Amino acid sequence: MSTTNVAGLPARSITSSPYFTSLITVFLLVVLLGAGGAAYPGFLSVQVLFNLLIDNAFLLVIAVGMSFVILSGGIDLSVGSVLALTTMICAYMLHTWHWHPLLVIAIALALGTVFGAAMGAMIHYFKLQPFIVTLAGMFLARGLCYLISINSITIDNPFFVALSQTQLPIGDCFISPGALIALVTLAGAIYVAHCTSFGRAIYAIGGNEQSALMMGLRVARTKVLIYAFSGFCAALAGVLFSFYMLSGYGLHAQGTELDAIAAVVIGGTLLTGGYGYVAGALTGVMVLGAIQTLIAFDGTLSSWWTKIVIGGLLFIFCVVQRVMTMRTTKK
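Residues numbered from 1 in each chain as written. Predicted model: local features only at pLDDT ≥ 70, side-chain atom pairs only at ≥ 80, totals over all residues. Heavy atoms only, no water.

Undergrad: Looking at this model, I keep getting lost on the pattern of salt bridges. Mind explaining?
TA: A side chain with one charge can pair with a side chain of the opposite charge if their charged atoms come near. With the rule as written, the count across this model stands at two salt bridges. A salt bridge links Lys 223 to Glu 209, with the shortest nitrogen-to-oxygen separation between them at 3.4 Å. Within this pair, whereas Lys 223 is found in helix H12 (residues 219-245), its partner Glu 209 is found in helix H11 (residues 209-214), the two being separated by 14 residues in sequence. For Asp 259, the salt bridge is made with Lys 307, and the minimal N-O distance between the two is 3.2 Å. With Asp 259 in helix H13 (residues 256-266) and Lys 307 in helix H15 (residues 304-330), this pair connects stretches of sequence that are 48 residues apart. (Salt bridge = Lys/Arg side-chain N within 4 Å of Asp/Glu carboxyl O. Helix = DSSP H or I, 4+ residues; strand = E, 2+ residues; numbered from the N terminus.)

And the structure:
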């Protein structure tokens, strides 16, 4: 006799459902927050929760772009370097050329988009592995940072400084403009992924690219746009990081691409593509932020414990995803 849940559905159908890993992530986030609230006074204050989003707004934006890439069955290792390059471009243009900040932001976003589109075109038309192409993009973008300057460049533009210091009130608490931009980006990406033909094409390509071609989908156009969007998100994250740090530096955001991949996987998206929810990027980022905050509240543990815990979680989620894939295949 098959086991059923409280809704009367077979247990296997739950573990094989697309939202199963997303539910695990939400449950994990609740557990982390509950443990922090029980151990440390003030941990569950609304402002601390808002701070999770404020401190990780740039990571959320990158994770949104990475979600599209991974859903399509690809990977993008260049996003952290593109973020650093964006901070350098913004800082240099503002500090040396004294260009208008809105023009600087527009140029940085355009360059990030073109950079991503170029990688997407190489991946599709030359049939290259996304890992190799985006690894080359990672080295190229990071190297270009040091052509601009080997030192940190301070951003003292009044517009950037004002946005860095602005606090948008929500009751007795506040969020930053960067956090608001990240949430708007997430909301737009969720709509595109689940309510447009472009989003459906992403899932189809991630599920089986050959089948997508046979269905008449514009695979080439879609793949180029996916990596262009990832490059745009990386550049936008670079702008937000510039607001946050008020500097451009070639060493900014080292390893951020791996944090973004971790957030997407923990959020419930399969690394093999075609399965997951863009909204999972938010819960994945919040889980990483909660782990960092717990370690910061403890005060006795090294910050490297963050990487250790995240690594352990990734192992667990990869195993869960593999089990789910095997069950789906058997069906």
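Read on for the rest.
Undergrad: What is the right way to look at the layout of surface pockets in this model?
TA: A water-sized probe, rolled over the atoms, reveals where empty space remains. The calculated volume of the largest pocket comes to roughly 580 Å³. Looking at the largest pocket, it is lined by 22 residues, and the ones nearest its centre are Asn 56, Phe 58, Asp 259, Gln 292 and Thr 306. Within the residue set of the lining of the largest pocket, elements represented by two or more residues are helix H3 (46-55), helix H4 (57-71), H13, helix H14 (280-298) and H15. Among the elements that take part in the lining of the largest pocket, H14 stands out by supplying five residues, more than any other. Per-class residue counts for the lining of the largest pocket are 10 nonpolar, nine polar and three charged. (1 Å grid on protein atoms, 1.4 Å probe; cavity = no way out; pocket = protein on both sides within 12 Å on 5 of 7 lines; lining within 4 Å. Points joined across faces, edges and corners; volume = space filled by probe spheres on them. Nonpolar A, V, L, I, M, F, W, Y, C, P; charged D, E, K, R; others polar.)

Undergrad: Would you explain the packing of H4 against H12 in this entry?
TA: Any two packed helices are characterised by how steeply their axes cross, that is the angle between the axes, and by the distance between the axes. Direction vectors running N to C along H4 and H12 enclose 175 degrees, while the axes themselves pass 8 Å from each other. One element, H4, and the other, H12, form an angle in the roughly antiparallel class. When H4 is examined against H12, the residues Ala 57, Phe 58, Val 61, Ile 62, Val 64, Gly 65, Phe 68 and Val 69 are found in contact with a partner set consisting of Ile 226, Tyr 227, Phe 229, Ser 230, Cys 233, Ala 234, Leu 236, Ala 237, Leu 240 and Phe 241. For the contact of H4 with H12, the residue count by class is 16 nonpolar, two polar and no charged. (Axes fitted to C-alpha atoms, helices over the stretch in contact; angles between N-to-C directions. Parallel < 35°, antiparallel > 145°, perpendicular 65-115°, else oblique. Contact = heavy atoms within 4.5 Å.)

Undergrad: How should the packing of aromatic side chains be read in this particular structure?
TA: Aromatic rings considered in pairs are described by the distance between their centres and by the relative angle of their planes. Per the counting criterion, the structure on display carries 10 aromatic pairs. With a centroid separation of 4.8 Å and 35 degrees between ring planes, the pair formed by Phe 68 and Phe 229 is classed as tilted. Of this pair, Phe 68 sits in helix H4 while Phe 229 sits in helix H12, and the two are 161 residues apart along the sequence. Relative to Tyr 244, the ring of Phe 241 has its centre 6.4 Å away and its plane inclined at 40 degrees; by these criteria the two rings are tilted. With Phe 241 and Tyr 244 both in helix H12 and three residues apart, the pair spans about one turn of that helix. The exposure class assigned to Tyr 244 is partly exposed, which follows from its relative accessible area of 42%. Taken together, the ring pairs in this structure connect Tyr 40, Phe 43 and Phe 297 into an aromatic cluster. (Phe/Tyr/Trp six-rings, centres within 6.5 Å; stacked < 30°, edge-to-face > 60°. Buried < 20%, exposed > 50% of the residue type's maximum accessible area, 1.4 Å probe, protein only.)

Undergrad: So what exactly am I meant to see when it comes to H13 here?
TA: In an α-helix, one turn spans 3.6 residues, which is why side chains three or four residues apart end up on the same side. Where burial is concerned, most of H13 is hidden: 10 out of the 11 residues are buried. Of the positions making up H13, those classed as buried are Thr 256, Glu 257, Asp 259, Ala 260, Ile 261, Ala 262, Ala 263, Val 264, Val 265 and Ile 266.

Undergrad: Explain the environment of Ala 108 here, please?
TA: Take Ala 108: it is sitting in helix H6 (residues 101-125). Distance in space between the C-alpha atoms of Ala 108 and Ala 38 is 44 Å, their sequence separation being 70 residues.

Undergrad: Is there a simple way to explain the side chain of Thr 293 in this structure?
TA: Secondary-structure assignment places Thr 293 in helix H14. A relative accessible area of 15% places Thr 293 in the buried class. Among residues more than four places away in sequence, those in contact with Thr 293 are Phe 43, Val 48 and Leu 52.

Undergrad: Sorry if this is basic, but what is going on with a nonpolar patch on the surface here?
TA: Taken together, Met 122, Tyr 125, Phe 126 and Leu 128 make up a surface patch of nonpolar side chains, about 450 Å² in accessible area. Its place among the elements puts Leu 128 in the loop between H6 and helix H7 (130-148). (Patch = residues over 30% accessible without salt bridge, like charges linked within 9 Å, V, L, I, M, F, W, Y side chains within 5 Å. Areas by Shrake-Rupley, 256 points an atom, 1.4 Å probe, with all protein chains shown as cover.)

Worth remembering: the numbers are spatial, not functional.
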